[in-house]
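# Analysis of the macromolecular model
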Amino acid sequence: MMARVSGEWRNKLYYGDNLDVLREHISDESVDLIYLDPPFNSNRSYNVLFKEKSGEDSPAQIQAFDDTWTWSHETEVLYIDVMTGPASNEVKNALEAMRKLLGENDMLAYLVMMTPRLIELHRVLKRTGALYLHCDPTASHYLKMTLDAIFGPKNFRNEIVWKRTAVKGDAKVRYGRVHDLLLFYSKSTDLAFTAQTTLHSDEYKARFKLDDKDGRGPYQDGPLDSPNPRPNLMYNYKGYPHPPNGWRVSPGEMERHDMEGRLIFPKNPGGRIRRKLYLAEQPGVPMGDVWTDIPPINSQATERLGYPTQKPLPLLERVIASSSRPGDTVLDPFCGCGTAIDAAQKLKRNWIGIDITTLAVDLIDARLRHTYGEWVTASYETRGIPKDLSGARALFARSPFEFERWCVGMVDGQPNTRQVGDKGIDGVIRIPVGGRGQQDKILVSVKGGTTNPSHVRDLVGVVTSERAAMGVFITMNKPTAGMRSAADRAGLYTWPVNGQTYPRIQIITIGELLDGKRPKTPPTLNPYFRAERRYGDVDQAELF
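Residues numbered from 1 in each chain as written. Predicted model: local features only at pLDDT ≥ 70, side-chain atom pairs only at ≥ 80, totals over all residues. Heavy atoms only, no water.

### Re the overall build of the chain
A count of helices and strands for the chain gives 17 helices and 21 strands. Each of the 544 residues in the chain was classed as buried or not, and the buried ones make up 49%. Total accessible area computed for the chain in this model is approximately 26600 Å², and 50% of it derives from carbon and sulfur atoms. (Helix = DSSP H or I, 4+ residues; strand = E, 2+ residues; numbered from the N terminus. Buried < 20%, exposed > 50% of the residue type's maximum accessible area, 1.4 Å probe, protein only. Areas by Shrake-Rupley, 256 points an atom, 1.4 Å probe, with all protein chains shown as cover.)

What follows is the structure, encoded as structure tokens:
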């Protein structure tokens, strides 16, 4: 999976179930680093997650995984597949033990969903590769047992603690929950790893009080004595005797330090020569397994995209810098809003992203274009997203909700997060109407099946009742004359910025969207981004 724009391979962004994509498209030992942040809603009560199927509260997980998160006939089938398939005895024993321990509840359904995916991730990982599983303490111990069974306990490297927030008001009958965990495993003991360092503390920097004002910055003096006996380094230099154990540098190195002005000669002839230790040349503090220096995404951050489980870019940059090198391939099988993909692109890694929602694929595509410029699209391809009418019909048959999301994304709208009570509206396009952030709305209604004029009239009614500016009606089939007439009778919208007029209700077909046609509207606001544009982080020329 090499990202060569001019050749055969490009980075890949897949829409689909990651289990299917891994099995059908990702070859053995082809990936250098895997980061995954599986959907798990830790905001729910711990007890709710462990309620039996008869419990009154239903689990509030990411919508795409609703069916998988609940113990059901399908979960039972997946469990049997693992227990009767080629998985190792260690994996089967671990899963069987957890079923006895947990019972048939939503937590077990989550673990059954994760196990075959982790087996496939182990398969595609190179021998020198690493996996980081991002989770919280609710399920981390069960996931660690599963990973031990798949990767082997000897290949467990770290349980990294990331402090993601400050203590909040829920810390009344327990300590405040402020951290996430990253379970770090390797494929073998022959892993590729680059140790990371942190910046020096103010207390450490205060030790460097001397400065020759020659541009090299502050320094402190340090010893040149060898800590252990070095008979071969027991020499005098410029009349100064060697320390009892000898020097820690050779005569040649001593002369080089002298020529560079790095030696401090004592005024007393019997004193000891010392050396200058410049702050700018001192390595940072080696990184430990508790990370408190990366703040979480907050509502005011320029990086925030509005995705509920978004992780900060510096967190993924640290993971990728530690366990991969430029040109290596990074895989995120639950890529969500694409922070790992963004970090991999920025750090000149090849990448593969997989997500089960068209919303995520559309968001990542928009994020990359927004961040790096339109030219970045030449470095990757999307797979699983409809490219023609037959693909659109197949998506509608498989998942009408994902079909609606995909259509709304095609017109730069923001899809609804739920289908119930939406008044037939499947998304919103936002347009600026003033210089102080004022916005107006264009409502989007999508129909993949049979349509008639009443559907268009319904859209007109909602646009009127919601005081929206315009409405866009997206249809799989060619609109009838009656539908066109209903849209024409809705009148015009005048954009207050420049007085230009637009048809208040517009009908556009899927075929027209696939051909590149778009509704006629004022300039639209990006539905996702407050993130800053970062042109230049990746050299455009290197992709060609």
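### A word on the pattern of salt bridges
It is possible for side chains of opposite charge to pair when their charged atoms get near one another. Overall, the coordinates contain 29 salt bridges when judged by the stated rule. Between R123 and D28 there is a salt bridge, and its shortest N-O distance comes to 2.6 Å. Of the two residues, R123 is situated in helix α6 (residues 106-124) and D28 in the loop between α1 (18-25) and β2 (31-36); the sequence distance between them amounts to 95 residues. Residue class for R123 comes out partly exposed when judged on its relative accessible area of 24%. (Salt bridge = Lys/Arg side-chain N within 4 Å of Asp/Glu carboxyl O.)

### Side note on the packing of aromatic side chains
Tallied over the entire structure, the rule returns 12 aromatic pairs. Within the aromatic cluster, the residues linked to one another by ring pairs are Y132, F184 and F193. Here K144 stacks its cationic end above the ring of F156, 4.1 Å away from the centre of that ring. For the cation-ring pair, R318 lies above W291, with the distance from its terminal atom to the ring centre recorded as 5.0 Å. (Phe/Tyr/Trp six-rings, centres within 6.5 Å; stacked < 30°, edge-to-face > 60°. Lys NZ or Arg CZ within 6 Å of the ring centre and 35° of its normal.)

### A short note on the side chain of D332
The topology assignment puts D332 in strand β12 (residues 329-332). The side chain of D332 sits in the buried core without any salt bridge; R367 is the nearest counter-charge, 8.9 Å away. Polar contacts involving the side chain of D332 include one to the main-chain amide nitrogen of F334, which spans 3.0 Å. (Lys, Arg positive; Asp, Glu negative; His and termini not counted. Polar contact = N/O pair within 3.5 Å; in protein donor to acceptor, adjacent residues only side chain to side chain.)

### Some remarks on the sheet that holds strand β8 (residues 263-264)
Pairing in this open sheet of three strands is antiparallel, and the strands run β7-β9-β8 from one edge to the other. The two strands at the open ends of the sheet, each matched to only one other strand, are β7 (219-223) and β8. Two strands pair when backbone bridges link them, and β8 and strand β9 (residues 274-278) are joined in this way by two bridges, in the antiparallel orientation. The residue of β9 that forms the bridge with L263 is R275. (Pairing = 2+ DSSP bridges.)

### Topic: the pairing of strand β4 (residues 156-163)
Pairing of β4 with strand β5 (residues 179-186), which is carried by seven bridges, proceeds in the antiparallel orientation. Among the inter-strand pairings, E159 is bridged to a residue of β5, identified as L183. Pairing analysis gives two bridges linking β4 to strand β11 (residues 290-291), with the strands arranged parallel. For W162, the partnering residue across the bridge sits in β11 and is W291.

### Some thoughts on the packing of helix α13 (residues 389-398) against helix α14 (residues 400-410)
The geometry of α13 relative to α14 is characterised by a closest axis approach of 5 Å and an angle of 135 degrees between their N-to-C directions. On the basis of their axis angle, the class for α13 and α14 is oblique. For the pair α13 and α14, contact is made by A392, L395, F396 and R398 and by P400, E402, F403 and W406, respectively. Across the contact of α13 with α14, the residue classes break down as six nonpolar, no polar and two charged. (Axes fitted to C-alpha atoms, helices over the stretch in contact; angles between N-to-C directions. Parallel < 35°, antiparallel > 145°, perpendicular 65-115°, else oblique. Contact = heavy atoms within 4.5 Å. Nonpolar A, V, L, I, M, F, W, Y, C, P; charged D, E, K, R; others polar.)

### Focus on α6
The terminal C-alpha atoms of α6, which comprises 19 residues, lie 28 Å apart, in line with the 27 Å expected from a rise of 1.5 Å per residue. Of all 19 residues in α6, 16 are buried; the element is thus mostly enclosed. Two or three places before M107, at the opening of α6, N105 has a side-chain oxygen 3.2 Å from that residue's backbone nitrogen. (Expected span 1.5 Å × (residues − 1).)

### Considering the pairing of strand β1 (residues 11-15)
Judged by how many residues are buried, β1 sits mostly within the fold: five of five residues are covered. What you see with β1 is no split at all: N11, L13 and Y15 on one side and K12 and Y14 on the other are buried throughout. Pairing of β1 with strand β14 (residues 380-383) involves four bridges; the strand directions are parallel. The partner of N11 across the bridge, within β14, is Y380. When β1 meets strand β13 (residues 350-355), the two strands line up parallel, connected through four bridges. Across the sheet, residue Y14 finds its bridge partner in β13, namely I354.

### A short note on the sheet that holds β5
Strands sit in the order β11-β4-β5-β3-β2-β12-β13-β1-β14 across an open sheet of nine strands; the sheet is mixed. Taken across any chain shown, the strands that pair with only one partner, and hence form the sheet edges, are β11 and β14. Relative to the sheet, α1 contacts β1, β12, β13 and β14, its axis offset from that of β13 by approximately 135 degrees. In the packing of helix α11 (residues 339-346) onto the sheet, contacts are made with β1, β2, β12 and β13, and the angle to β13 comes to roughly 170 degrees.

### Concerning helix α9 (residues 251-259)
Residues spaced three or four apart along an α-helix face the same direction, because each turn holds 3.6 residues. Every buried residue of α9 is listed here: M254, H257 and D258. For α9, the angular spread of the buried residues around the axis is 100 degrees, confining them to a single face. Its buried side turned inward, α9 meets β8. Positioned one or two residues after α9, G261 has a phi angle of 70 degrees, which is positive. (Arc of directions from axis to C-beta.)

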